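# Structural features, examined
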Amino acid sequence: MSFDLVLFGGTGDLAWRKLMPALFQSFRHGTLPEGGRIIGVARDDLDDARYRALIQSRFDQVEGAKRPSAEEFARFAALLHFVRMDLSQPAAYARLAESLRQRDAATVVLYLATAPALFTTVCEQLAAAGLNTPRTRIVLEKPLGHDMASNRAINTTVLQTFSEGQVFRIDHYLGKPSVQNLFALRFGNALFEPVWRRELIANIQISIAEELGVEKRGAFYDSTGALRDMVQNHALQLLCAIGMEPPISAHADAIRDEKLKVLRSLKRWTPETLSQHVIRGQYAAGRAGGAAVPGYLGEPGVNPQSTTETFVALRTEIENWRWAGVPFYIRTGKRLAGRDAHIVVNFRPTPHPIFRTPLAGATNRMVINLQPRDGLTLHLLAEGQQSRTSPGAAQTLAPVQLDLDFDRRFGSERVGAYERLLLDVIAGRLNLFVRSDEQEEAWRWVEPILDAWHAGGDGLRPYPAGTWGPSAASAMIARDGSCWLEES
Ligand code: NAP
């Protein structure tokens, strides 16, 4: 199947750090359909040859096995083309149309890896230039809006030009192998469904901890914050994957319908829950990677008086029959004590304890590791008595772990998130992409938090870089008798 993949923003950070490496790996693995073109678009004064040289210079910086050999790059480079255009200029689109008409590919993917402020103009001009055909797919990167109104405005404009079935909204967490595995475990095995409910599950924690600070993206982050950057999209998508009902089929809309129901069932905020169940923090100076690091307010591009949150912890519930009363905790932040993303499913204790156990309150737990490791650990209790040394003693229990290391089992066959998602776009599979109504519903739930912060102004808790965030986040979960995984 021939394809033309147009990267609007073909010289930008996203294209370089994520998209080109993913496309190259896919090319190397032989999964990228043959006969494709990758067309970079930007305002730089480049042509095909210079664009190839630019991409090569960047691949040359790649370390280890991911770096292409000269021969591999030469073959990959034959796919690369460049169209110089200013996306804000309507006349420029004719040049792109001409390039695409040269060969009339079976699939045309238009990837907007550029400033969101350009999305509206780009969609309008694509339509005006006749570049929207039934063979066209458009890929939108986050952030898609700043709040519900701006999100709706972008989606309305996009949907004036493209149908929902042509729009691929990326949330790269959905492309992570461990998230695919979550779907596979839940809906490909009969074992989990009977226990996946309030009667057996005490609470669920979703934690996305970053060790890095804002790096070079201070200005962007300062106008965004952790709630918009991580919770509204990634964390809520993970929550949907954990909490959704089994879809009636693997069809994209069957899956997205179930995720939407979860978002609609999230407990609505009240002034009381907003003040007790949402903790926001901002990192102060501390240590990371063994070195002293500045606080958020000292980062380049950040307003020295900024009240932007770099940490959020919250508690919510899914109000339906399966989950009524089960707390779902979300925690995410920058400059935390480690880089660690995981989901913890804490099961309830046995209804009637018959064993002596030194493990007061120990229960079963499933940990789904998202990064840096990709795997799943089931924490069970087993016979732990040293019977030879004390024969006849009453049985006691000890923890054992069933460790499913997906990296080791499937290692070389695994594909990265962007690689998987790009292949899905080319193939037209929408399963791992977010529908506009899901996005809007997520904003609807997040907005009262933003409004409360805006109105209140206080409540921003500093935490030293290199820790697990403000102590209030631990206190919040401790009130329910639980603790975050690192503290157990
Ligand atoms: P970036 O480094 O600033 O790159 C922007 C790209 O767009 C450049 O290639 C730039 O090239 C091009 N561009 C800007 N204005 C243009 C115009 N008027 N006409 C034609 N080309 C234009 O931005 P980025 O970090 O790659 O981010 C791109 C998008 O992805 C943003 O929506 C961002 O929020 C999203 N995103 C990025 C990341 C990431 O890790 N970087 C992660 C998630 C989402 P010229 O200036 O040479 O024209």
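### Regarding the pattern of salt bridges
The full count for this structure, using the stated rule, is 32 salt bridges. Linking Arg-322 and Glu-245 is a salt bridge whose minimum nitrogen-to-oxygen distance equals 2.8 Å. Taken together, the residues span a long stretch of sequence, with Arg-322 in the loop between strand E11 (311-317) and strand E12 (327-333) and Glu-245 in the loop between helix H9 (225-243) and helix H10 (252-265) at a distance of 77 residues. The exposure class of Arg-322 is buried, given its relative accessible area of 7%. Under the relative-accessibility criterion, Glu-245 is labelled partly exposed at 28%.

### Considerations on the sheet that holds strand E2 (residues 36-42)
With parallel pairing, six strands are arranged side by side in an open sheet as E3-E2-E1-E4-E5-E6. Since the sheet does not close on itself, it has two edges, and those belong to strand E3 (80-84) and strand E6 (167-169), each with one partner. Across the sheet, the mean angle from the axis of one strand to that of its neighbour is 20°, orientation sign disregarded. Packing against the sheet, helix H1 (residues 13-29) makes contact with strand E1 (3-8), E2, E3 and strand E4 (107-112), and its axis sits at approximately 165° to E1.

### Some details on the packing of helix H2 (residues 48-59) against helix H3 (residues 70-77)
Between two packed helices, what matters for the description is the angle formed by their axes and the separation of those axes. Running from N to C, H2 and H3 cross one another at 145°; their axes reach a closest spacing of 11 Å. Crossing handedness for the pair H2 and H3: right-handed. Contacts between H2 and H3 pair Arg-52, Ile-55, Gln-56 and Phe-59 from the former with Phe-73, Phe-76 and Ala-77 from the latter. Residue composition of the contact of H2 with H3, by class: five nonpolar, one polar and one charged.

### Remarks on the site of the ligand
The ligand sits among 21 residues. The nearest are Thr-11, Asp-13, Leu-14, Arg-17 and Arg-43. Contact between the ligand and Asp-86: a nitrogen atom at 2.9 Å from a side-chain N or O atom of the residue. At a separation of 3.3 Å, an oxygen atom of the ligand approaches a polar backbone atom of Lys-142. Counting residues per element, the shell around the ligand draws most heavily on H1, at three residues. Among the residues making up the shell around the ligand, the classes are represented as eight nonpolar, five polar and eight charged.

### Considerations on the packing of helix H6 (residues 148-161) against helix H14 (residues 436-456)
Taken N-terminus to C-terminus, the directions of H6 and H14 make an angle of 170°; their axes are 9 Å apart at the nearest point. For the element pair H6 / H14, the angle class is roughly antiparallel. Between H6 and H14, the residues in contact are Met-148, Ala-149, Asn-151, Arg-152, Asn-155 and Leu-159 and Ser-436, Gln-439, Glu-440, Trp-443, Arg-444 and Glu-447, respectively. Across the contact of H6 with H14, the residue classes tally to four nonpolar, four polar and four charged.

Conventions used here
- Residue positions are counted from 1 within each chain, in the order its sequence is given.
- Per-residue local features are limited, in this predicted model, to residues with pLDDT of at least 70; the limit for side-chain atom pairs, both in listing and counting, is 80 or more; totals at the level of whole chains, interfaces and linings are taken over all residues.
- To obtain the side-chain values, all non-hydrogen atoms of the structure were used and water was disregarded.
- A pair is scored as a salt bridge if a Lys or Arg side-chain nitrogen falls within 4 Å of a carboxyl oxygen belonging to Asp or Glu.
- In DSSP terms, a helix is any run of H or I states spanning at least four residues, a strand is any run of E spanning at least two, and both are numbered starting from the N terminus.
- Under the scheme applied here, a residue whose accessible area is under 20% of the maximum for its type counts as buried, over 50% as exposed, and between as partly exposed, the area being computed with a 1.4 Å probe on protein chains only.
- The pairing criterion for strands is at least two bridges between them, as found by DSSP.
- Note on definitions: angles span 0 to 180 degrees between N-to-C directions of axes, and those axes are lines fitted to C-alpha atoms, for helices only across the stretch in contact.
- For this analysis, residues touch if any pair of their heavy atoms sits within 4.5 Å.
- Helix crossings fall into two classes, left-handed where the near helix is turned counterclockwise from the far one by less than a right angle and right-handed where it is turned clockwise.
- Classification used: nonpolar for Ala, Val, Leu, Ile, Met, Phe, Trp, Tyr, Cys and Pro, charged for Asp, Glu, Lys and Arg, polar for all others including Gly.
- What makes a residue near a molecule or strand is one non-hydrogen atom of that residue sitting within 4 Å of it.
- Distance and chemistry together define a polar contact, namely a pair of N or O atoms within 3.5 Å, with one atom able to donate a hydrogen and the other to accept it when in protein, and with adjacent residues in sequence counting only for side-chain atoms on both sides.
- Orientation labels follow simple angle bins: below 35 degrees gives roughly parallel, above 145 gives roughly antiparallel, 65 to 115 gives roughly perpendicular, and whatever is left gives oblique.

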